[in-house]
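Close look at the chain arrangement
The primary structure of each chain is shown beneath.
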Amino acid sequence: MFENNLQNDGVRSTSILTSHSSVDEDDMEPNESPTRPAVTGQDVYLIVQKGAARLSVIPLDPEQRYTVGRASSNRVVIPDAKCSRQHCELFFQQGQWLVRDLESRNGVTVDGRKIENDWSLRPGEVIAVGNCTLVFSHERPDDSSSAPVSAGGMPFTIIDRKSGTQFDSPSGNHEPAAAHDAAELFRMARRMNAATDINTLADCVLDGLSAGTSASVVAVLLLPTDSPAPAVEDLEVVALRAPEDRPDVAVSEYLSRLVLAEREAVLAHDIAEQTHLAERKSLHELAADSAICAPIRHGDAILGLIHLYSTDPRSPLTTEQLEVTLAVADQMSGNLQALQTQARLAQDLSKVENHVRELNEQLEVETELVGTSPSLDKVRHAVARVARTDATVLIRGESGVGKELVARAVHFNSPRKDGPFVCVNCAALTESLLESELFGHEKGAFTGAAGQKAGKFEQATEGTLFLDEIGEMSPEIQAKFLRVLEGQAFERVGGGKPITVDVRVVTATNRDLEEAVREGTFRADLYFRLQVIELHVPSLREHPRDIPEIAQHFLKRFARRSRPQVRGFTSEALNLLQQHSWPGNVRELRNVVERAVILSEHEWLRPEDISLTRLSVTDPAPLHVQGTGSENGSGEYGEGLETAVDPHVDLLGSYVQQEITLDELDRLYISAVLNHFNWNKSQAARTLGIERTTLDRRLKRYGMKRPE
């Protein structure tokens, strides 16, 4: 228990707090007359005060010596840093009371004069020790003459206030009693640190203060975490310890309001003796004789309050217990802030997890292979068999067929579905950037590497890494990639620390890897390592029966985003979609449906709402770009095409092979759009996404005219 310091002669030593009272100090006239006789040893009192607050009245016995200091062994204990362990002493000798400085660090003053030798005390003289005063008097002050501290009509005496404790800055010089309190505080702190929730933390505080003080009622009240300013109305009792016969007691709103306003712990005495207690209903119901209220502070914020009440006049709450309560409140504040932050983070994490779960469910829906044709059923069954394993998968197919969709299906049907799915397009990055993207880099590894970055392999650990356009990877990157596939460690760019990862690799390409191996642009050992399991995704023209179902799938998605009134396709529109060759495969179909949903004004999409490209890829023949049409540009786009790249597989790649310029592509595409709309320039400009005046300037630039 946190004990009071009691002397054997029945005089209780008085502990004075270091914080300043908010009341005005009483004016005392110093005894300056050297002619007044010294006071005899009878009926003499030492009045201990801090400011205007009277802390104790000690009758002085001529047979005793009264030491004053910071040490708990003194008759009058003043735990103040400015007070020495043994500061001074009072004693009776040769018919007079004397005060002697015990070689204190800051000295002793009597009525403002520093003393050096034994000083004969006279009635009314004031001894200053630390932040309190000792008034030497031959009259015992009346209880009625001690005006209670008034703060808005307070009906009881505030004995002390405290904004800090001696435990705030451990110096290792605690007195025996204070050391005992510090040890108990340490044990309480360990129990509070072990608390996993706020209620358990509050119970730890109740247990410690109930056992360590003379309080019969202990309560912990907290403010909401989002409270803009502390208010009594917002306080909520989270833990209460009270006598069994009064389990529903209410704490003092007045004390709560006082402490919230002044941010200091207060100790109130003589509550039951005040004549106007009826004004404070809660204190009246408690029948409390003394009370402590301490703020739970964290930085500039107040998180709550701790209330202590003693109903036994023989065991009032003391200044030592006030100091301990404030120390407990300060310790609790750190734990409370951490638990509140933890609860807030857990709540945020739960929200994020729900959001991620919703996104994963959406991704799982989007990984469904839409269609019922035998060719798609074959892919679907292959995915189901492959997904259960960790084998490397190579997905092959034309551009736009949905290879990434198949890769997602492999991931979300595998045991790794709760892990990350990370995508990298190898064709979109240069060699140096691709190496950094895959394997990460250290700070300063190259110009612009301002910090360390984890690569895609690290980001995909315990998940799946999907590498699209694997055929575009340079031989140097291929070698490093092969080592990782074989389970070896790798280093970040500019680093030397080996890193190992647990990643499943799925790759995709539309290139002829066998031809690349023959040409020496793709490593044979990597080719065989990737081709553990190969999945072929058919082009859209290989399963045209699935076009209506896929188109309706895209329509529902885009209608939810922009045009919910669009419900579907007319039969004529579906026939038009099924008759198209779809050189761009599912990607092209997706774009056509999105454009129709956005631009159409109909509930059911009609053929005129669907804008299909008139680009067609014919059998290979010598490319004749300059002669692809008449001089006015009315010729069929792509007529007579011959490329080193199969245009059915990679349309844009075929253009690159023939070194077609951007202006040539621009002219041919404008010609195709104009022909589709029968040279309606307004409709053509809207489809091209340009102004009508811009279209006219381009027609003039390319020398294009409406055909006769």
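Coordinates for the structure precede this section.
Summarised in this report is the structure supplied together with it. The shown structure was predicted, so the numbers you read here are calculated from the model rather than taken from an experiment. (Residues numbered from 1 in each chain as written. Predicted model: local features only at pLDDT ≥ 70, side-chain atom pairs only at ≥ 80, totals over all residues. Heavy atoms only, no water.)

Looking at the overall build of the protein chain
For the protein chain, the count of helices and strands is 19 helices and 24 strands. Out of the 708 residues belonging to the protein chain, those deemed buried represent 47%. Surface accessibility of the protein chain: about 35300 Å² in total, with carbon and sulfur atoms responsible for 47%. (Helix = DSSP H or I, 4+ residues; strand = E, 2+ residues; numbered from the N terminus. Buried < 20%, exposed > 50% of the residue type's maximum accessible area, 1.4 Å probe, protein only. Areas by Shrake-Rupley, 256 points an atom, 1.4 Å probe, with all protein chains shown as cover.)

Comments concerning the packing of helix H6 (residues 374–387) against helix H7 (residues 403–412)
Viewed as axis vectors pointing N to C, H6 and H7 meet at an angle of 40 degrees, and their least axial separation amounts to 8 Å. For the element pair H6 / H7, the angle class is oblique. In the crossing of H6 with H7, the sense of the turn from one axis to the other is right-handed. Touching Val 379, Val 383 and Ala 387 of H6 are Val 406, Ala 409 and Val 410, all from H7. (Axes fitted to C-alpha atoms, helices over the stretch in contact; angles between N-to-C directions. Parallel < 35°, antiparallel > 145°, perpendicular 65-115°, else oblique. Left-handed = near helix turned anticlockwise from the far one by under 90°. Contact = heavy atoms within 4.5 Å.)

Details of the nonpolar core
In this structure, Val 205, Val 220, Ile 296, Ile 306, Leu 308 and Met 332 are the most contacted members of the largest nonpolar core, which totals 33 residues. Put simply, the parts of the chain that give this core at least two residues each are helix H1 (176–193), helix H2 (198–212), strand E13 (217–222), strand E15 (265–269), strand E16 (290–298), strand E17 (301–310) and helix H5 (319–366). Per-element tally for this core: the top contributor is H5, with nine residues. When near neighbours in sequence (up to four residues on either side) are disregarded, Ile 306 contacts Val 205, Leu 209, Ala 219, Val 220, Ile 292, Cys 293, Ala 294, Ile 296, Thr 325, Ala 329 and Met 332. Listed in part, the 28 residues of the second largest apolar core include Leu 465, Ile 477, Leu 513 and Leu 526. (Core = buried A, V, L, I, M, F, W, Y, C linked by side-chain atoms within 4.5 Å.)

A closer look at the environment of Cys 204
Considering the arrangement of structural elements, one finds Cys 204 in helix H2. The exposure class of Cys 204 is buried, given its relative accessible area of 13%. Look past the residues within four positions of Cys 204 in its chain and what remains in contact with it is Met 188, Arg 191 and Met 192.

Examining the side chain of Lys 480
With respect to the helices, strands and loops of the structure, Lys 480 is situated in helix H10 (residues 475–485). Within the structure, the side chain of Lys 480 is placed 3.4 Å from the side chain of Glu 435, a separation counted as a polar contact. Beyond its immediate stretch of four places on either side in the chain, Lys 480 contacts Glu 435, Phe 439, Phe 490 and Glu 491. (Polar contact = N/O pair within 3.5 Å; in protein donor to acceptor, adjacent residues only side chain to side chain.)

Quick look at the sheet that holds strand E21 (residues 504–509)
Strand order in the open sheet formed by five strands is E19-E20-E21-E18-E22, with parallel pairing between adjacent strands. On the outer flanks of this sheet lie strand E19 (421–425) and strand E22 (533–536), each paired with one strand and no other. Across the sheet, the axes of successive neighbouring strands diverge by a mean angle of 20 degrees, strand direction being ignored. In this sheet, strand E20 (residues 464–468) lies alongside E19 in parallel orientation, the contact comprising five bridges. Across the sheet, residue Val 422 finds its bridge partner in E20, namely Leu 465. (Pairing = 2+ DSSP bridges.)

Examining the sheet that holds strand E3 (residues 66–69)
With mixed pairing, five strands are arranged side by side in an open sheet as E4-E3-E5-E6-E9. Unpaired on one side and paired on the other, strand E4 (76–77) and strand E9 (119–120) mark the two borders of the sheet. Examined bridge by bridge, E3 and strand E5 (residues 88–93) share three bridges and lie antiparallel to one another. Each residue of the ladder has a partner; that of Thr 67, found in E5, is Glu 89.

Things to note about the pattern of salt bridges
Going through the model one piece at a time under the given rule, you end up with 31 salt bridges. Across the salt bridge formed by Lys 456 and Glu 437, the nearest N and O atoms sit 3.4 Å from each other. Taken together, the residues span a long stretch of sequence, with Lys 456 in helix H9 (residues 456–459) and Glu 437 in helix H8 (residues 431–439) at a distance of 19 residues. Like Glu 437, Lys 456 is buried. Taken together, the shared-partner salt bridges in this structure form one network comprising Arg 65, Glu 89, Arg 100 and Asp 118. (Salt bridge = Lys/Arg side-chain N within 4 Å of Asp/Glu carboxyl O.)

Quick word on H6
With 14 residues, H6 extends 20 Å between its outermost C-alpha atoms, agreeing within 8% with the 20 Å of an ideal straight helix rising 1.5 Å per residue. If you check which residues of H6 are buried, you get Leu 376, Val 379, Ala 382, Val 383, Val 386 and Ala 387. Around the axis of H6, the buried residues are gathered within 120 degrees of arc, so they sit on the same side. Across from the buried face of H6, at angles greater than 90 degrees, the exposed residues are Pro 374, Lys 378 and Arg 385. Looking at the buried positions of H6, the neighbouring elements they touch are strand E18 (393–396), H7, E21 and E22. (Expected span 1.5 Å × (residues − 1). Arc of directions from axis to C-beta.)

Points about the side chain of Glu 588
Inspection of the secondary structure assignment puts Glu 588 in helix H15 (residues 585–599). For the buried residue Glu 588, which engages in no salt bridge, the nearest side chain bearing the opposite charge is Arg 595, 7.1 Å off. Excluding residues within four positions of it along the chain, Glu 588 makes contact with His 580, Trp 582, Pro 583 and Thr 613. (Lys, Arg positive; Asp, Glu negative; His and termini not counted.)

A look at the packing of helix H17 (residues 662–676) against helix H18 (residues 681–688)
Across the interface, H17 lies against H18 with an axial gap of 9 Å and an inter-helix angle of 130 degrees. When the interaxial angle is binned, H17 and H18 end up oblique. Crossing of H17 against H18: the hand is right-handed. Where H17 approaches H18, its residues Tyr 669, Ile 670, Val 673 and Leu 674 are matched on the opposing element by Lys 681, Ala 684, Thr 687 and Leu 688.

Looking at the pairing of strand E6 (residues 96–101)
When E5 meets E6, the two strands line up antiparallel, connected through six bridges. Directly across from Gln 93, in E6, lies its bridge partner Gln 96. Linking E5 back to E6 in an antiparallel pair, the connection comprises two residues, with Gln 94 at a positive phi of about 50 degrees. Pairing of E6 with E9 involves two bridges; the strand directions are antiparallel. Its bridge partner lying in E9, Val 99 is registered against Trp 119.

A short note on H8
Within H8 the residues assigned to the buried category are Leu 434, Ser 436, Glu 437, Leu 438 and Phe 439. Residues of H8 that are buried in the fold lie against E19, H9, E20 and H10. Backbone geometry just after H8 places Gly 440 at a positive phi near 80 degrees.

As for the packing of aromatic side chains
What the rule picks out here adds up to nine aromatic pairs. Summarising the aromatic geometry, the rings of Phe 439 and Phe 490 are spaced 5.5 Å apart at their centres and angled 55 degrees between planes, so their arrangement reads as tilted. Of this pair, Phe 439 sits in helix H8 while Phe 490 sits in the loop between H10 and E21, and the two are 51 residues apart along the sequence. No difference in accessibility class separates Phe 439 from Phe 490, as the two residues are buried. Each member of the aromatic cluster is reached from another via a ring pair, and the members are Phe 439, Phe 457, Phe 481 and Phe 490. The ring centre of Phe 439 lies 4.5 Å from the NZ or CZ of Lys 480, which sits over that ring. (Phe/Tyr/Trp six-rings, centres within 6.5 Å; stacked < 30°, edge-to-face > 60°. Lys NZ or Arg CZ within 6 Å of the ring centre and 35° of its normal.)

Structural notes on the environment of Leu 467
You can see Leu 467 is positioned in strand E20. Considered as a pair, Leu 467 and Thr 507 are 40 residues apart in the sequence and their alpha carbons are 4.7 Å apart.

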